[in-house]
Amino acid sequence: MYRILLKAAILIFLAAGTISCSENGEDETATENGVRLIPVETVEVVDGTFDDYVRLTGTVEALEDAIISSETSGRVLSIQQRGAYVEEGETIAQLDDRLIKAQYNAAKASFDFARDSYERLERLYADSIVTTQDFDNARTQLDQARSQLNQAEKQLEDASISAPFTGRIVSRLINTGELIGPGQPVARLVSSERVRIVTGVPERYTGEITEGTESDIFLRALGTGAIKANITYAGSVIDPETRTYAAEIEIDNPDDLVKPDMIADLQIKRTTLEGVILLPRTAVLRNEEGSSVFRSSEENGRKIAELVTVETAAASGPFIQIVSGIEVGDEVVVSGMRTLSSGDELNVLNTTTNLERIEKLKEQDRPVVSY
């Protein structure tokens, strides 16, 4: 009985080990000569064009965004509702202007009287009937009356608080019936038909990223594709705390979908290189000795893995430039390297060109912050 139980336990243990190996061995098998056969995916190396991008994040701002304040005192008779669209010059809030109108009418009457007196004395002075002092006094009174009229006219205009630009009222800061004074905020007015994305560019890119540089904009909240635009402003000074300089990109916003303070992911083009070799980043293995890739070599009609050292250069998103170590026409392993070693035989499950592979990765790639 004991022997039977022991045999059963051994069989169970062997079965469990077989299942574990099957799950963790990536379906690797051995060939007749004992060489491991590893399933992989490869790419055929062709040269292509490399756009080197800098990835940054930015914040959306409205081109016109202002807190409208009162320039005079008075009781609020009316104010536009929140969300209302107003044209430039249209009234946002109206103050009680009855007292101001009375002051204006008095100033207008004083001005008219002073002007008539001056014109009458001017004729008399030309005939030497009045003295120079009388004529000068009349001119002075006219100037004073004109100044008082201008002041009253300005106060009357200030009683009607108007929009300095076309936009939408996004917040009301006062209510009808309130008594307000000079400088008190009345409403916030925003024009978002055109917006700008503001970001900070690391100082090491000075001279490469300037006004007119191409960029792709991705708005996280909207989940839309790339919006292509050029940098409209590049700052001339460096922020000593962040070691960056300001950059702005203006875009149209006709549907008002892009909101101020939204986060935008930016891909700003540094340069374009022609005739270079590109590989997916995941194909490059790194250790303390440098970078390397697995290249497929032909031996007796079989594909054998060969670990070769490569020199890398610029990287952007999911791909990286290879300067030396592989050439056009080589076949490079891009998937299945986890258990791969030099000398293993390759069971190629799928192969494309490196550029086709990169295009698929670019479609899946989402911009992130990368300084």
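Data block above holds the structure.
Cut-offs used in this document
Residues numbered from 1 in each chain as written. Predicted model: local features only at pLDDT ≥ 70, side-chain atom pairs only at ≥ 80, totals over all residues. Heavy atoms only, no water. Helix = DSSP H or I, 4+ residues; strand = E, 2+ residues; numbered from the N terminus. Buried < 20%, exposed > 50% of the residue type's maximum accessible area, 1.4 Å probe, protein only. Contact = heavy atoms within 4.5 Å. Pairing = 2+ DSSP bridges. Polar contact = N/O pair within 3.5 Å; in protein donor to acceptor, adjacent residues only side chain to side chain. Salt bridge = Lys/Arg side-chain N within 4 Å of Asp/Glu carboxyl O. Patch = residues over 30% accessible without salt bridge, like charges linked within 9 Å, V, L, I, M, F, W, Y side chains within 5 Å. Areas by Shrake-Rupley, 256 points an atom, 1.4 Å probe, with all protein chains shown as cover. Lys, Arg positive; Asp, Glu negative; His and termini not counted. Charge placed at Lys NZ, Arg CZ, Asp CG, Glu CD. Expected span 1.5 Å × (residues − 1).

A. Region of the structure containing the overall build of the chain. Along the backbone of the chain there are 4 helices and 21 strands. A total of 371 residues make up the chain; the buried ones form 37% of that total. At a minimum sequence separation of 6, the contacts of the chain that also span at least 24 residues come to 74%.

B. Region of interest: the pairing of strand S6 (residues 91–95). Judged by how many residues are buried, S6 sits mostly within the fold: 4 of 5 residues are covered. Summarising the sheet, strand S4 (residues 74–79) and S6 pair through 3 bridges and their orientation is antiparallel. Pairing of Ser78 across the sheet is with Gln94, part of S6. With 3 bridges connecting them, S6 and strand S7 (residues 160–162) associate as antiparallel partners. Bridge pairing in S7 places Thr91 opposite Ser162.

C. Spatial organisation of the side chain of Glu331. One can find Glu331 in strand S20 (residues 331–335). In terms of polar contacts, Glu331 uses its side chain to reach the side chain of Lys303, at 3.1 Å. The residues contacting Glu331, other than those within four sequence positions of it, are Thr42, Val43, Phe294, Arg295, Ser296, Lys303, Val348 and Thr351.

D. Layout of the environment of Val45. On the secondary structure map, Val45 appears in the loop between strand S2 (36–44) and strand S3 (47–69). Residues Val45 and Leu355 lie 310 residues apart in sequence; the distance between their C-alpha atoms is 8.0 Å. If sequence neighbours within four positions are ignored, Val45 has contacts with Ile277, Ile326, Glu327, Val328, Gly329, Asp330, Val332 and Asn354.

E. Focus on the sheet that holds strand S9 (residues 179–180). Here 4 strands make up an open sheet; going across it, the order is S7-S6-S4-S9 and the pairing antiparallel. Of all strands in the sheet, those bounded by a partner on one side alone are S7 and S9.

F. Examining the pattern of salt bridges more closely. Under the definition given, this model contains 26 salt bridges. Here Lys101 ties to Asp97 by a salt bridge, and the two come within 4.0 Å at their closest N and O atoms. A relative accessible area of 42% means that Lys101 is categorised as partly exposed. Accessibility expressed as a relative area gives 15% for Asp97, which makes it buried.

G. Region of interest: unusual backbone geometry. Its identity is not glycine, yet Asp261 carries a phi of approximately 80 degrees, on the positive side. Summarising the element assignment, Asp261 is placed in the loop between strand S14 (244–252) and strand S15 (263–280). When its relative accessible area of 61% is taken as the criterion, Asp261 is described as exposed. Not every positive phi belongs to a glycine, and Asn300 is a case in point at roughly 55 degrees. Of note, Asn300 is situated in the loop between strand S17 (290–299) and strand S18 (302–316).

H. Structural detail: a negative patch on the surface. Side chains of Glu87, Glu88, Glu90 and Glu193 sit close together on the surface and give a patch of like negative charge. On the basis of relative accessibility, which here comes to 32%, the residue Glu90 falls in the partly exposed class.

I. Region of the structure containing helix H3 (residues 132–158). Between its first and last C-alpha, H3 extends 39 Å over 27 residues, near the 39 Å set by a 1.5 Å rise per residue. Turning to H3, its buried residues are Phe135, Ala138, Leu142, Ala145, Leu149, Ala152 and Asp158. Here the buried face of H3 lies against S6, helix H2 (98–126) and S7.

J. Representation of the environment of Arg338. Tracing the backbone shows Arg338 in the loop between S20 and strand S21 (345–353). In this structure Arg338 comes out as exposed when scored by relative accessible area, which is 65%.

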